[in-house]
Amino acid sequence: MENLLHLFEGFSILFTFQNIIVTMFGAVLGLLVGAMPGIGSLAGVALLLPLTFKFNPTTAIIMLGALYYANMYGGAFSSILIGIPGDGPAVMTMMDGYPMATQRNRPGQALLTSNLSSFIGGFIGMVILTFMGPLLADIGLKFGPAEMTALLLVAMTSIGWLVGENPTKGVLLTMFGILLASMGMDTLSGYPRYDFGNIYLLGGIPFVPFVIGMVGFSQVMRLMSERHKETKISVDKLSIKDSMITLHDFKRLFFPAIRSGFLGTFVGVLPGAGATTAAFMGYAVQKSFKSEEPMGSGAIEGIAACEAANNGAAAGAFAPLLALGIPGSGTGAVLLGGLMMWGLNPGPLLFTNSPEFAWGLIASLFLANVITLMIAWGVIPFLVKILSVPTRLMIPVITVICIVGSYSTSNSMYGVLIMFISGVLGYILNRTGYSTAPAVLSFVLAPLLESNMRKAFIISQGSLGIFFEKPISLVFMLILLVILLFPAGRLVLTKLGVLKGKKN
Amino acid sequence: MKKVFLLAIVLFVAAIVPVFAQGEAETGSEGFVPSKDIEWFVTSSPGGGSDIYTRMIADIMTRKDLVNGQTFLVTNKTDGGGEVGRLQVSRVKGGNIADHTLLTFNSGDHAPMVKNTANRIENFTPIAVMAVDKQLLYIGEYSKYASFAEFLDAIAAGQNFVIAGSKGDDIATYELLVEELGITQNQISFITNDATSDAITSVLGGHVDLVMSKPAAADQYVVAGKLTPILALSETRFTGNLASAPTLSEVGPYDNVENPIWRGVVAPKSMSAEAADFWSNAFKAVSESEEWQNEYINKYKLLSEFKGREEASAFMQKFQEKTLAALGK
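Conventions and cut-offs
Residues numbered from 1 in each chain as written. Chains lettered and ligands numbered in written order. Predicted model: local features only at pLDDT ≥ 70, side-chain atom pairs only at ≥ 80, totals over all residues. Helix = DSSP H or I, 4+ residues; strand = E, 2+ residues; numbered from the N terminus. Buried ≥ 20, exposed ≤ 12 C-beta atoms within 10 Å, placed from the backbone. Contact = placed C-beta atoms within 7 Å. Core = buried A, V, L, I, M, F, W, Y, C linked by C-beta atoms within 7 Å. Axes fitted to C-alpha atoms, helices over the stretch in contact; angles between N-to-C directions. Parallel < 35°, antiparallel > 145°, perpendicular 65-115°, else oblique. Left-handed = near helix turned anticlockwise from the far one by under 90°. Nonpolar A, V, L, I, M, F, W, Y, C, P; charged D, E, K, R; others polar. Domains from an automatic or database assignment. Pairing = 2+ DSSP bridges. Expected span 1.5 Å × (residues − 1). Bend = angle between axes of the 7 residues up to and from the residue.

*Asks:* What am I meant to see in the overall build of chain B here?
*Replies:* Within chain B one finds 13 helices and 11 strands. For chain B, the spread of C-alpha atoms along the three principal axes comes to 95 × 45 × 30 Å. Within the span of chain B, comprising 329 residues, buried residues form 45% of the whole. Look at the contacts in chain B between residues 6 or more apart in sequence, and 75% of them connect residues 24 or more apart.

Okay, here's the thing in C-alpha cells:
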C-alpha cells in the first residue's frame, strides 16, 4: 500500500505542464528512434542525454524514460511494415508481423496487435516494478554466473522451436551464429579471437548491422527479384476503424501478452539480459503453446508474445537500475551515466535519498505507456500507407535506411560492410531453405552464455558441481534435463504403447 | 535585373567576409587559436567513465570560453575495442584538421593498445594527464571474513577466493597484488567483467568474495553499508569513508601495491607544436578551475594531478615501457 502512496506522489510530481510535455516529447521521439532501423534506444538516449543537462533531474529522467520506453513500441513498426527490425527486440516481431501485414493483408491489425501487446506487457512490468521493485532487484542479484548459465542453457534449447522443418540446417546455423559471436576480444582474458589481424574484427561482429543485414537487407534482395510484381495490398483501409482488431483477435493476443509480460519483466531484471533476450524467449515460449495459425506465418500470438515481452523487460530493467544502481542493459548504463551527471547518486540509496526522482520516473512510465499507445494507434493509418509504395521505389529507400542504421551503431563504414555481407549471406541462406532465426538467436545468447559459464568455472575452480549445488541453478538444470530427455522419453513411451503418439 | 545583381553582390560579400575574418583571427594572434569545430574522439561508449570525463572537460572549456567560441564534437568510436578510433587519430595528416583533433587516452586504453596492436604512444602527441585514480578491495555485507588479514589466513589454510573486477587496469593491479602476496592465481582468482558495476553486482549477490573498484563506482554502496573497503591498493590510506581500509604494508610483511590509473588526452602526432601548446594550456586551465575540482575530481573521488605536454609525454612513455616489459615484448 505504501508503494501505491509513493506512486501517487510520483504522479503529483509528474503532472506539471512541463513534465507532461517532456513525456510526450520523449514518447514521440522514442517512437521515431525505435522505428528507424539501427538507431535503437541506446543511441536515442545517448544522443538526447547532453540536451538534458540543463533540465532538473526529474524532468530529464522522465523524458529519457519515456523515450526508452516508447522505443520498444516503435521498433515494431518497421519490422511489421517493411520487414526490417527497428531494433534488436523487434527482430522476433518481424517473424509474424511482416507476414501478417503482407501475406495476410492485415497491416493495420498487425500494428495494433503489437501496440496493444506492448501496452499490456509494459503495464504488467510497471505494476510489478511499483510493488516489488527493490524485491525484484534482490531476486536479480541472486542470479550469479552459475544461475545465469543454467537459465541461458534452457533458453538455448528454445532455439529448437525456431529451427524450422529441417533440424540439421537449424543446428548448423545455430553453430554458425555461435562461431560468429565468438569473434573479437575475449571479454574475460582480453585476448583477440578470430581477428585475422584485422583491427576492426578485434571488436567482433556488431549486433545491429548483423541483424539488419541478416533479416533486413536479405529481404531487400528478395524484393529486387520481385520488383515487377505489383503490390497486392489494398490501401483503401486507411481509417483507424478499419485497422481495428476483432474481439476474437483480442482474445488471441491477450493471454500470450499476459504470459510474456510476466516473463519479459523477469528477464529484464536479470543482469546482462535485456529486452532482446526477453523478446526471443517470449516468442520461443509462445511456440510451445497453441496458436490458431502456425507461428511464423503471421500469427497474432507471435506478435503479442514478443512485443509484450520486450516492453515488460524495458520496465523490469528499471528495478535493478533504481533499487541498486545496476544497469540491466546498454541503455540502462547510459541512463545511469545521466543520473551521475545530473548530480544524483544512483545506488541502493536512491529510493531513500531522492524518492521524488525515483517515483516520478516510475509514474512517468505509466503515463508514457498510455501516451505512446494513443500516439501509436493514431498513426497506424498513415504508416500503413507505406505498404502502397511500389516495390521498385521501396528498394532504394529501404537500402538507404539499412545503410544509415548500420552506420550509426559505431559511426563507421565497418557496420555498413557487415550489413551488406550478412545481407547477402542471409539472402543465400533463405534461398537455400535455411532459416536465419537460429543464427540470430544464438548470436545474441552465446556471448552471455560463454561469459557466465566461464565465470562460474572460475568460481568453482572448474567443477561442474556449482550448477547443481545452488537451488536456483539446480531447478534450471532439472528443467533443462526434462527438455532434453522429453523427446526421447516420448519416443520410448510411444513405442511401449503408453502414449498414443498424438501429442502436438 | 539590377536588384538581382545587387542581391548577388550582397550575398557574395556576406559569404566572403567571415572567411577573411577567420583568416585574420588566425594570423592576427600569436600561435594557435581554434578556428573550427574540434573533433574529440572517445574510444568507449556514451555514458561510461571516459565519456563523462571527456564531456565534462569539453563543457568546462566551453563555459570558460577557452576555445575561441568553437564547438566540441565528441565522437564515440568503439570499433575494434577502441583500437580503430586510436589508429584513426594517430593517422590524421597534418594541418588544420590535426590541430583540431583530440583523443581521450587513459591507462585503460594505452595498455590494451600496446598489447593487441602495433600502435604506440610515439604515434601521438601527448597533451596532458588530468587525474589519477586508484582502486580498493571491498567485501559484501554477507562476507565470512571481515578483514584482508583474515582472507590471507584462510588462504594459508588452503581456501581459495575470487575477486571480481573490471577490464584492463584492474587486471594489472590484481596481477601485482598476487605477485606481491607470493600466491598463485588459483588461490585468488580474478573474474573480468565488462564494467565495475557488473563486478559489484556479483559481490552484492554473494557470488564472489571480493570486488575491486575505484572509489567512485563503489561510493553509494559503501554509504549504504552494502560494501566495506578492506584494502587500499595505494601507498597511503584513502580519506573519508574509505579511511578504515589499510594498505597492504599495514596488513602484513608486504610492500604496498599501487597501480595508478591515469586519465589523459592525446592528439595526432602531426599536430603542430603551437596547437599542442595551446591545448596543453587549455587543459591546465581546466585542471585549475573550481568547476573541475567540484564537479569532477571531488565528486568522483579522483586525485587531481596535472601533467603538461612534456611531462605527460615522458609519463606515458614510461608507462608504455613498463607495460611492454610486463608483456615480455
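*Asks:* Explanation requested: the nonpolar core in the structure shown.
*Replies:* One recurring pattern in soluble globular proteins: nonpolar side chains tend to sit buried together. Counting 202 residues, the largest nonpolar core has Val45(A), Leu67(A), Val440(A), Leu137(B), Ile163(B) and Val211(B) as the members making the most contacts within it. Listed in part, the 41 residues of the second largest apolar core include Phe32(B), Ala58(B), Ala267(B) and Phe283(B).

*Asks:* Would you take a moment to explain the interface of chain A and chain B for this structure?
*Replies:* When the parts come together, some accessible area is lost, and that loss is often what is quoted as the size of the interface. With 41 residues of chain A at the interface, the matching set in chain B holds 41 residues. Going through the elements one at a time, α6 (107-142), α14 (330-341) and α19 (437-460) of chain A are the ones with two or more residues in the side of chain A that touches chain B. The dominant element in the side of chain A that touches chain B, judged by the number of residues it contributes, is α14(A), at 7 residues.

*Asks:* Can you walk me through the environment of Gly49(B) in this structure?
*Replies:* With respect to the helices and strands, the residue Gly49(B) is situated in helix α2 (residues 49-63). The spacing of Gly49(B) and Val74(B) is 25 residues in sequence and 14 Å in space, taken between C-alpha atoms.

*Asks:* For this particular structure, what's the right way to read the packing of helix α8 (residues 167-181) of chain A against α19(A)?
*Replies:* Helices that pack against each other are described as a pair by the angle of their axes relative to one another and the distance between those axes. Residues and elements named next belong to chain A. Two numbers describe how α8 lies on α19: the axes approach to 7 Å, and their chain directions differ by 40°. The orientation of α8 relative to α19 falls into the category oblique. The interaxial crossing formed by α8 with α19 has right-handed handedness. For the pair α8 and α19, the contacting residues are Gly170, Leu173, Thr174, Phe176, Gly177, Ile178, Leu180 and Ala181 in the first and Pro438, Ala439, Val440, Leu441, Ser442, Phe443, Ala446 and Pro447 in the second. A class-by-class count of the residues in the contact of α8 with α19 yields 12 nonpolar, 4 polar and no charged.

*Asks:* Before we go on, may I ask you to explain the domain arrangement of chain B in this structure?
*Replies:* Residues and elements named next belong to chain B. Per the domain assignment, the segments of chain B are domain 1 (36-133 + 262-327) and domain 2 (135-251). Between the C-alpha centres of domain 1 and domain 2 the distance comes to 29 Å. Every contact between the two is made by 7 residues of domain 1 and, on the other side, 7 residues of domain 2. Residue contributions to the side of domain 1 that touches domain 2 peak at 4 residues, all from helix α5 (residues 107-116). Grouping the amino acids of the side of domain 1 that touches domain 2 by side-chain chemistry returns 3 nonpolar, 2 polar and 2 charged.

*Asks:* Honestly, the pairing of strand β5 (residues 135-140) of chain B in this entry has me stumped. Any pointers?
*Replies:* Within a regular strand, side chains alternate between the sheet's two faces. Residue and element names in this part refer to chain B. Across the 6 residues that make up β5, a large majority, 6, are buried. Alternating positions in β5 separate into two faces, Gln135, Leu137 and Ile139 on one and Leu136, Tyr138 and Gly140 on the other, with burial throughout. In this structure, β5 lies alongside strand β9 (residues 227-233), joined through 6 bridges in antiparallel fashion. Along β9, the bridge assignment pairs Tyr138 with Pro229. Across 4 bridges, β5 lies against strand β8 (residues 210-213) in antiparallel orientation.

*Asks:* Looking at this structure, how should I read the sheet that holds β5(B)?
*Replies:* Think of a sheet as strands paired side by side through backbone hydrogen bonds, with each pair either parallel or antiparallel. Residue and element names in this part refer to chain B. Here 5 strands make up an open sheet; going across it, the order is β7-β6-β8-β5-β9 and the pairing mixed. At either end of the open sheet lies a strand with only one pairing partner, and these are β7 (188-192) and β9. Ignoring strand direction, the axes of neighbouring strands in this sheet form an average angle of 30°. In the sheet, strand β6 (residues 161-165) pairs with β8 via 2 bridges, with the strands oriented parallel. Bridge pairing links Ala164 to Val211 in β8. The strands touched by helix α8 (residues 196-204) are β5, β6 and β8; relative to β8, the strand with the most contacts, the crossing angle is about 160°. Helix α9 (residues 215-223) rests against β5, β8 and β9 of the sheet, and its axis sits at about 150° to β9.

*Asks:* Looking at this structure, I do not really get helix α4 (residues 57-82) of chain A. What am I missing?
*Replies:* Since there are 3.6 residues in each turn of an α-helix, residues three or four apart along the chain are aligned in direction. All names here are of chain A. Along its 26 residues, α4 runs 38 Å from first to last C-alpha, staying within 8% of the 38 Å computed at 1.5 Å per residue. The principal kink in α4, of about 35°, is found at Met72. Of all 26 residues that make up α4, 26 are buried, and the element is covered over most of its length.

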